[in-house]
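One letter stands for each residue in the lines below.
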Amino acid sequence: MTKRLLTAAIAVFFVAGLSFAAGTTAQKAKVQTLTGVITDTHCGAKGHMGSADECVKKCISMGAKYALAVGKKVYVIDPQEMAAKHPGGAEVRVKGTVEGDTIHATSIESAMK
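All of the points below concern the structure found in this document. Keep in mind the model is a prediction, meaning the values are calculated, not measured.

## What to know about unusual backbone geometry
Here comes step 1: Put simply, D78 and P79 share a cis peptide bond, and its omega is 10°.
Here comes step 2: For P79, the location among the structural elements is in the loop between β3 (73-78) and α3 (80-84).

## Here we look at the packing of aromatic side chains
Here comes step 1: Tallying each qualifying case throughout the model produces zero aromatic pairs.
Here comes step 2: Looking at K73, its charged tip hangs above the ring of Y75, at a distance of 5.3 Å from the centre.

## Some points on the sheet that holds strand β2 (residues 66-70)
Here comes step 1: The five strands are arranged β1-β2-β3-β5-β4 in a closed barrel whose pairing can be described as mixed. On average, each strand axis in the sheet is tilted by 55° relative to the strand beside it, whichever way the strands run.
Here comes step 2: Pairing analysis gives eight bridges linking strand β4 (residues 91-99) to strand β5 (residues 102-110), with the strands arranged antiparallel. Across the sheet, the residue bridging to V98 is I103, located in β5.
Here comes step 3: Helix α2 (residues 52-61) contacts β1 (31-40) and β2 of the sheet and is inclined by roughly 90° relative to β1.

## Description of the nonpolar core
What tends to happen in soluble globular proteins is that the nonpolar side chains get buried as a cluster.
Here comes step 1: By size, the foremost hydrophobic cluster in this structure holds 14 residues, and its most contacted members are I77, V92, V94 and I108.
Here comes step 2: Of all the secondary structure elements, the ones that give two or more residues to this core are β1, β2, β3, β4 and β5.
Here comes step 3: Looking at which element gives the most residues to this core, the answer is β5, with three residues.
Here comes step 4: What V94 contacts, discounting residues up to four positions off in sequence, is Q32, T33, L34, L68, I103, A105, S107 and I108.

## Things to note about the pattern of salt bridges
Here comes step 1: If you walk through the whole model with that rule in mind, you get three salt bridges.
Here comes step 2: Across the salt bridge formed by D101 and K73, the nearest N and O atoms sit 2.4 Å from each other. Here D101 is found in the loop between β4 and β5, whereas its partner K73 is found in strand β3, with 28 residues between them in sequence.
Here comes step 3: Under the relative-accessibility criterion, D101 is labelled partly exposed at 46%.
Here comes step 4: On the basis of relative accessibility, which here comes to 34%, the residue K73 falls in the partly exposed class.

Basis of the calculations
- Residues numbered from 1 in each chain as written.
- Predicted model: local features only at pLDDT ≥ 70, side-chain atom pairs only at ≥ 80, totals over all residues.
- Heavy atoms only, no water.
- Helix = DSSP H or I, 4+ residues; strand = E, 2+ residues; numbered from the N terminus.
- Phe/Tyr/Trp six-rings, centres within 6.5 Å; stacked < 30°, edge-to-face > 60°.
- Lys NZ or Arg CZ within 6 Å of the ring centre and 35° of its normal.
- Pairing = 2+ DSSP bridges.
- Axes fitted to C-alpha atoms, helices over the stretch in contact; angles between N-to-C directions.
- Contact = heavy atoms within 4.5 Å.
- Core = buried A, V, L, I, M, F, W, Y, C linked by side-chain atoms within 4.5 Å.
- Buried < 20%, exposed > 50% of the residue type's maximum accessible area, 1.4 Å probe, protein only.
- Salt bridge = Lys/Arg side-chain N within 4 Å of Asp/Glu carboxyl O.

Here you go:
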C-alpha cells in the first residue's frame, strides 16, 4: 500500500513539474517586431491579381485570413481585427510574439513613417 501511495505521489509531482515547465516556456515568448506586407493566407507571398488591397479583401471574404508576408515566410496575424485596419499590400511593422506560423500582435503600424 505504501509503495502504491509513493508511486502515485511521484507521478503527481512529475506531471505538475511538466505543467510548470510548459507554462514557464509560454511566459518567456519573446516580443519581436517583424516588417512585412499585409496579405492573406490564400495568396501569401506569391503576389496578388490586380490591386493588392482588392485581392486581399476578396480572399478574406472567401474565408482566407489576414497575414503578414516577410520575404517568403507568411504569418497569420492574430487578432485579425488589427490587420483589417490596414490595406492589403501595405508595408507594416507588427510587434508581438511568434508562435509557429502565427504572430500574436500587440501593435501594427505603417512602416512608411
